[in-house]
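# Understanding the architecture of this molecule
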Amino acid sequence: MGTPDSTSWRGHPTLLRLQDQPPVWSYGDLRLRRYSAPDHGTVLALHRAGLAQVGLRPGDGVYYDHDFFRMEDIYLRNDGEFLVGELDDRIVAMGGLRRADLIPGGHARAYGGYAPGTPALDAVEMVRLRVLPAVQRRGYGAALVQALEERAAEYGYRVLRADTTELQGPALALYRRFGWTETRRETIGGIVNIYLEKRLR
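Once that is clear, we can look at the sheet that holds strand β9 (residues 191-199). Pairing is mixed in the open sheet, where 9 strands are placed in the order β1-β2-β3-β4-β5-β6-β7-β9-β8. Here the strands that pair on one side only, and so sit at the sheet edges, are β1 (15-19) and β8 (181-188). Each adjacent strand pair in this sheet contributes to an overall mean axis angle of 25°, direction not counted. Relative to the sheet, helix α3 (residues 140-155) contacts β1, β2 (24-27), β3 (30-34), β4 (81-87), β5 (90-99), β6 (123-131), β7 (159-165) and β9, its axis offset from that of β6 by approximately 160°.

Every second residue of β2 is oriented toward a common face, with Val24 and Ser26 on one face and Trp25 and Tyr27 on the other, all of them buried. Sheet analysis places β1 next to β2, joined by 4 bridges and oriented antiparallel. Each bridged residue has a counterpart across the sheet, and for Arg17 the counterpart in β2 is Trp25. Relative to β3, β2 is paired through 4 bridges, and the arrangement is antiparallel.

Further remarks concern the side chain of Glu186. Turning to its location among the elements, Glu186 is positioned in strand β8. The exposure class assigned to Glu186 is buried, which follows from its relative accessible area of 18%. One polar contact links Glu186 to Tyr195, side chain to side chain, over a distance of 2.5 Å.

This brings us to unusual backbone geometry. With an omega of -15°, the peptide bond between Gln21 and Pro22 qualifies as cis. Summarising the element assignment, Pro22 is placed in the loop between β1 and β2. Backbone geometry at Asp89 places phi at a positive 65°, although glycine is not the residue there. With respect to the element layout, Asp89 can be found in the loop between β4 and β5. Its relative accessible area of 74% is what places Asp89 among the exposed residues.

Attention shifts here to the packing of aromatic side chains. The geometry of an aromatic ring pair is captured by two quantities: the separation of the ring centres and the angle between the planes. Scanning the model with the defined rule gives 6 aromatic pairs in all. Pairing Tyr35 with Phe82 gives two aromatic rings, centres 5.8 Å apart and planes at 75°, and the pair type is edge-to-face. Here Tyr35, found in the loop between β3 and α1 (40-53), pairs with Phe82, found in strand β4; they are 47 residues apart in sequence, far enough to count as distant. Overall, the relative accessible area of 0% leaves Phe82 in the buried class. Ring geometry for Tyr155 and Tyr157: centres 6.1 Å apart, planes at 65°, overall edge-to-face. Each residue in the set Tyr35, Phe68, Tyr75 and Phe82 is aromatic and connected to the rest through ring pairs, giving one cluster.

A few words now on the nonpolar core. Nonpolar side chains tend to gather and get buried jointly when the protein is soluble and globular. Formed by 48 residues in total, the largest nonpolar core has its most connected members in Leu32, Met126 and Trp180. Those residues in contact with Leu32 that sit more than four places away from it in its chain are Leu15, Pro23, Val24, Trp25, Val84, Gly85, Ala143, Leu144 and Ala147.

Definitions and limits used
Residues numbered from 1 in each chain as written. Predicted model: local features only at pLDDT ≥ 70, side-chain atom pairs only at ≥ 80, totals over all residues. Heavy atoms only, no water. Pairing = 2+ DSSP bridges. Helix = DSSP H or I, 4+ residues; strand = E, 2+ residues; numbered from the N terminus. Axes fitted to C-alpha atoms, helices over the stretch in contact; angles between N-to-C directions. Contact = heavy atoms within 4.5 Å. Buried < 20%, exposed > 50% of the residue type's maximum accessible area, 1.4 Å probe, protein only. Polar contact = N/O pair within 3.5 Å; in protein donor to acceptor, adjacent residues only side chain to side chain. Phe/Tyr/Trp six-rings, centres within 6.5 Å; stacked < 30°, edge-to-face > 60°. Core = buried A, V, L, I, M, F, W, Y, C linked by side-chain atoms within 4.5 Å.

Note that all results are geometric; they support no functional claim without further evidence.
Here is the structure:
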């Protein structure tokens, strides 16, 4: 293991698991923990700011935020996870795991819809990766991906899935850095959506 201020050989902090349940990690000064209801307004604002940063907006067929109003059902009570990253007690990063069978994909995703999960754990989506622009390029996104991959494996999922757009180059590069593979592309409302996956077992 190491101490919370230990660093890797590249000079970046090491992600350290501090608590199993509810899960807590440290990554240098960043603390990752499970989302709770009082976080709602902050994570919704962070989500909206992140999409606005790359020009995504309501009505474009890609943007949606209806899952933020069912956090318990979609993430926390249905074999999923949602983490927030705190720096000096301020939420600056976030990301979640959502069963791939809960929310439709493609064009239908932007218009809502939710279905209870099936008993078999197969595929899970990594979603809502956001880092506040002022603290980007510090490895916080990578820490979130690593923590969420760890949680997906603990749940017993077989495959991780994600999608991003051509507009979100840093997110695409982050997934590829962790060994994700592009599976297909789809144009929605003139925006190219890129689908990726990573096998866990």
